[in-house]
Amino acid sequence: MVALSYRFLGRRHPTALRHENTDTDQADPFSSPWAVLKDLAREPSRARLLLMAGIFCFAGMWAALRSLTTPYGTDVLGMTRGAAGGIALPGAIAFLICVVPLAYLSHRLGELRMIRYGIALFVAGLLVGFAEPTPAFTAASVAIASIGYAVFSVNGLVALWSLAPNNRVLGAYTGLYTVASASGMALGPALLGATVDLTGWRYMFLNAAVFGAVTFAVFTLVARRAERPLATAS
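Residues numbered from 1 in each chain as written. Predicted model: local features only at pLDDT ≥ 70, side-chain atom pairs only at ≥ 80, totals over all residues. Heavy atoms only, no water.

Colleague: Explain the overall build of the protein chain here, please?
Modeller: Within the protein chain one finds 10 helices and 0 strands. In the protein chain, the order of α-helices and β-strands from amino to carboxyl end is α-α-α-α-α-α-α-α-α-α. By the burial criterion, 39% of the 234 residues in the protein chain qualify as buried. In the protein chain, of all internal contacts separated by at least 6 residues, the share reaching a separation of at least 24 is 77%. When the accessible area of the protein chain is evaluated, it comes to approximately 13100 Å², of which 65% is carbon and sulfur surface. (Helix = DSSP H or I, 4+ residues; strand = E, 2+ residues; numbered from the N terminus. Buried < 20%, exposed > 50% of the residue type's maximum accessible area, 1.4 Å probe, protein only. Contact = heavy atoms within 4.5 Å. Areas by Shrake-Rupley, 256 points an atom, 1.4 Å probe, with all protein chains shown as cover.)

Colleague: Would you explain the packing of helix α2 (residues 33-42) against helix α3 (residues 47-75) in this entry?
Modeller: Each pair of packed helices gets described by two things: the angle between the helix axes and the distance between those axes. Relative to each other, α2 and α3 sit at 95 degrees, their axes nearing to 7 Å. Comparing their axes, α3 and α2 come out roughly perpendicular. Residue-level contacts link Asp-39, Leu-40 and Ala-41 of α2 to Arg-48, Leu-49 and Met-52 of α3. A class-by-class count of the residues in the contact of α2 with α3 yields 4 nonpolar, no polar and 2 charged. (Axes fitted to C-alpha atoms, helices over the stretch in contact; angles between N-to-C directions. Parallel < 35°, antiparallel > 145°, perpendicular 65-115°, else oblique. Nonpolar A, V, L, I, M, F, W, Y, C, P; charged D, E, K, R; others polar.)

Colleague: So what exactly am I meant to see when it comes to the packing of aromatic side chains here?
Modeller: What characterises a pair of aromatic rings is the spacing of the ring centres plus the angle enclosed by the ring planes. Under the definition given, this model contains 8 aromatic pairs. Consider the rings of Phe-58 and Tyr-149, whose centres lie 5.6 Å apart with planes at 75 degrees: the pair is edge-to-face. Here Phe-58 is found in helix α3, whereas its partner Tyr-149 is found in helix α7 (residues 135-153), with 91 residues between them in sequence. Judged on exposure class, the residue Phe-58 and its partner Tyr-149 are both buried. Taking the centre distance of 4.5 Å and the plane angle of 5 degrees together, the rings of Trp-62 and Tyr-149 count as stacked. Note that Trp-62 is positioned in helix α3 and Tyr-149 in helix α7, a separation of 87 residues in sequence. (Phe/Tyr/Trp six-rings, centres within 6.5 Å; stacked < 30°, edge-to-face > 60°.)

Colleague: Explain the packing of helix α6 (residues 111-131) against α7 to me, please; I cannot follow it from the model alone.
Modeller: Packing of α6 against α7 leaves a shortest axis separation of 7 Å and a crossing angle of 170 degrees. Taken together, the axes of α6 and α7 are roughly antiparallel relative to one another. Of α7, the residues touching α6 (which contributes Met-114, Ile-115, Gly-118, Leu-121, Phe-122, Gly-125, Leu-126, Val-128 and Gly-129) are Phe-137, Ser-141, Ile-144, Ala-145, Ile-147, Gly-148, Tyr-149, Val-151 and Phe-152. Along the lines of polarity and charge, the residues of the contact of α6 with α7 split into 13 nonpolar, 5 polar and no charged.

Colleague: Just to check I follow, could you spell out the nonpolar core for this structure?
Modeller: Within soluble globular proteins, side chains that are nonpolar tend to cluster in buried spots. The biggest cluster of nonpolar side chains holds 49 residues, and the ones touching the most others in it are Leu-51, Leu-112, Phe-122, Phe-152 and Tyr-173. Breaking this core down by element, the ones donating at least two residues are α2, α3, α6, α7, α8 (156-162), α9 (170-199) and α10 (204-233). When residues in this core are grouped by element, the largest group, 11 residues, is from α3. What Tyr-173 contacts, discounting residues up to four positions off in sequence, is Val-36, Asp-39, Leu-40, Arg-48, Leu-157, Leu-160, Trp-161, Ala-164 and Pro-165. (Core = buried A, V, L, I, M, F, W, Y, C linked by side-chain atoms within 4.5 Å.)

Colleague: For this particular structure, what's the right way to read the confidence of the model for the protein chain?
Modeller: It should be kept in mind that the predicted coordinates are not to be read in detail where pLDDT is low. Here the protein chain shows a mean pLDDT of 85. Residues at 70 or above account for 85%. Ranking the elements of the protein chain by mean pLDDT puts helix α1 (residues 2-9) last, at 71, and α7 first, at 94. Below a pLDDT of 50 lies the segment residues 229-234, which in the model reaches 0 contacts outside its immediate sequence neighbourhood of four places, other chains included. (pLDDT = per-residue confidence, 0-100.)

Colleague: When you look at α3 in this model, what are you seeing that I'm missing?
Modeller: Since the α-helix turns once every 3.6 residues, residues separated by three or four places project in the same direction. Its 29 residues give α3 an end-to-end C-alpha distance of 41 Å, which sits within 8% of 42 Å, the value for a rise of 1.5 Å per residue. At Leu-68, α3 shows its largest bend, some 40 degrees, and a proline, Pro-71, comes one to four positions later. (Expected span 1.5 Å × (residues − 1). Bend = angle between axes of the 7 residues up to and from the residue.)

Have a look at this one:
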């Protein structure tokens, strides 16, 4: 991967670069990372901060589902560890098949709207797994949830970019997205695992669905606040 990146990405293609018409004499308000963070914190609508919170929540629940499905299969479904470890394979296949069509559809409908649809599908898949705790339904549940996460995976960073004040901060916003996503993936399994300690493995999918509903509410608030400046400007 390093060799391929050096060979293809290391070459600069002027026609592929993003250009922005700016006055060279005008001072850059985002001359440092601290300036980017200050602008993020002082935004009146807080839409970008909420979006990062939603990224943290959804990435966390996805990582929790993938990491805890195997012990769920052994404790609730009575499967062997080897069989339970492969129960997420249909989800990986569904993800790969659907990700490109979902990206095309997202371009037509809008990133934030599609993310909300994806979260709703994610929650629906979890409820399927909770309603019928069998290996077949659990595999179908993970597959449905994987399609929902695929919607987020192709839109989360793009949605954050679309809220950026200008093209100069896209690199910094990419880093912020990575921090929010990686933090969620690190803490999500521990958070869902704590609820399992309280309720038992049987309710793991239901607990994850509750967290998914909270994530849906966060992205709904993001969509409303992101549309508010546009409505004011018009």
